[in-house]
Amino acid sequence: EQVVKPVVSVYPAASRAHLEGKSSLLCLASAMFPPLVQFSWKRQKENGHLEDLPPAEGEQLEFRELGCTAAIRVIDQDALHTYKYRCYVQHEAGTVDETEQG
C-alpha cells in the first residue's frame, strides 16, 4: 500500500485538570499509512522563537484507535496564555505540524 502522510489537528481538550490550574491540548493524527507516528511539542511566545517544552512541562497521554492516533498534553494554564503550542507528528512520509487554534 501507498505511504500517506497524516492529517494533523490540535484542539483544546476538556478535562478536570483545569481545576488544578492545568489545561490540556489534544493533537490528533489521522488518515495516515502506515499508522505508526510519534508526537512532539514545541511552544512559541508571540513574535518569539519556537522552543522545546521544558521537561517539567506537562505529561503526555497517547491513545490509538483504528485510523487515528492522538496525544493529550497537560500544560499549565498560565503558560497557555503566554505561548502558542505546536504539535509535530513524525511519520514515515515526513513530519507534519499544526498549531493549536486559540
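What counts, and where the lines are drawn
Residues numbered from 1 in each chain as written. Predicted model: local features only at pLDDT ≥ 70, side-chain atom pairs only at ≥ 80, totals over all residues. Heavy atoms only, no water. Helix = DSSP H or I, 4+ residues; strand = E, 2+ residues; numbered from the N terminus. Rg over C-alpha atoms; globule rule 2.2 N^0.38 Å. Buried < 20%, exposed > 50% of the residue type's maximum accessible area, 1.4 Å probe, protein only. Contact = heavy atoms within 4.5 Å. Areas by Shrake-Rupley, 256 points an atom, 1.4 Å probe, with all protein chains shown as cover. Lys, Arg positive; Asp, Glu negative; His and termini not counted. Charge placed at Lys NZ, Arg CZ, Asp CG, Glu CD. Disulfide = S-S within 2.5 Å. Salt bridge = Lys/Arg side-chain N within 4 Å of Asp/Glu carboxyl O. Pairing = 2+ DSSP bridges. Axes fitted to C-alpha atoms, helices over the stretch in contact; angles between N-to-C directions.

Novice: How should I be thinking about the overall build of the protein in this particular structure?
Specialist: Along its length, the protein carries one helix and eight strands. Element order for the protein, N to C, with α for helix and β for strand: β-β-β-β-β-β-α-β-β. Taken against the 2.2 N^0.38 rule, which gives 13 Å for 102 residues, the C-alpha radius of gyration of the protein at 14 Å falls within 12% of a compact globule. Along the three orthogonal principal directions, the C-alpha set of the protein runs to about 45 × 30 × 25 Å. Looking at the 102 residues of the protein, the share that counts as buried comes to 33%. Sequence-distant contacts, at least 24 apart, represent 60% of the contacts inside the protein between residues at least 6 apart. Here the protein has roughly 6500 Å² of accessible surface; of this, 51% comes from carbon and sulfur atoms. One finds the centroid of the 10 positive side-chain charges in the protein at a distance of 3 Å from the centroid of its 15 negative side-chain charges.

Novice: Would you explain unusual backbone geometry in this entry?
Specialist: For residues other than glycine, phi is negative in most cases, and the peptide bonds are mostly trans. With an omega of -10°, the peptide bond between F33 and P34 qualifies as cis. Here P34 is to be found in the loop between β2 (22–30) and β3 (38–45). Even without being glycine, A31 reaches a positive phi, approximately 65°.

Novice: What is the right way to look at the state of the cysteines in this model?
Specialist: Simply put, the disulfide is a covalent bond whose two ends are the sulfur atoms of two cysteines. Within the structure shown, the criterion is met by one disulfide. Summary of cysteine pairing: C68 is not part of a disulfide, and the nearest cysteine sulfur, belonging to C27, is at 11 Å.

Novice: It is not clear to me how the pattern of salt bridges should be interpreted in this structure. Could you clarify?
Specialist: Two side chains bearing opposite charge may form a pair once their charged atoms approach each other closely. Evaluation of the coordinates by the stated rule reveals five salt bridges. A salt bridge links E62 to R64; the shortest N-O distance between them is 3.7 Å. When its relative accessible area of 48% is taken as the criterion, R64 is described as partly exposed. Note that D97 and R86 form a salt bridge whose closest N and O atoms lie 2.1 Å from each other. Of this pair, D97 sits in strand β8 (residues 94–99) while R86 sits in strand β7 (residues 83–91); the two residues are eleven residues apart in sequence, bridging distant segments of the chain. Of the residues examined, R86 reaches a relative accessible area of 23% and is grouped as partly exposed.

Novice: I'm lost on the sheet that holds strand β6 (residues 68–76) in this one. Help?
Specialist: Sheets are built from strands paired through backbone hydrogen bonds, the pairs being either parallel or antiparallel. Strand order across the open sheet formed by four strands is β1-β2-β6-β5, with antiparallel pairing between neighbours. Single-partner strands in this sheet number two, and they are β1 (7–13) and β5 (60–65). The mean inter-strand angle of the sheet, taken between neighbouring strand axes irrespective of direction, is 20°. Of the pairings in the sheet, the one linking β5 to β6 comprises six bridges and is antiparallel in character. Along β6, the bridge assignment pairs E62 with A71.

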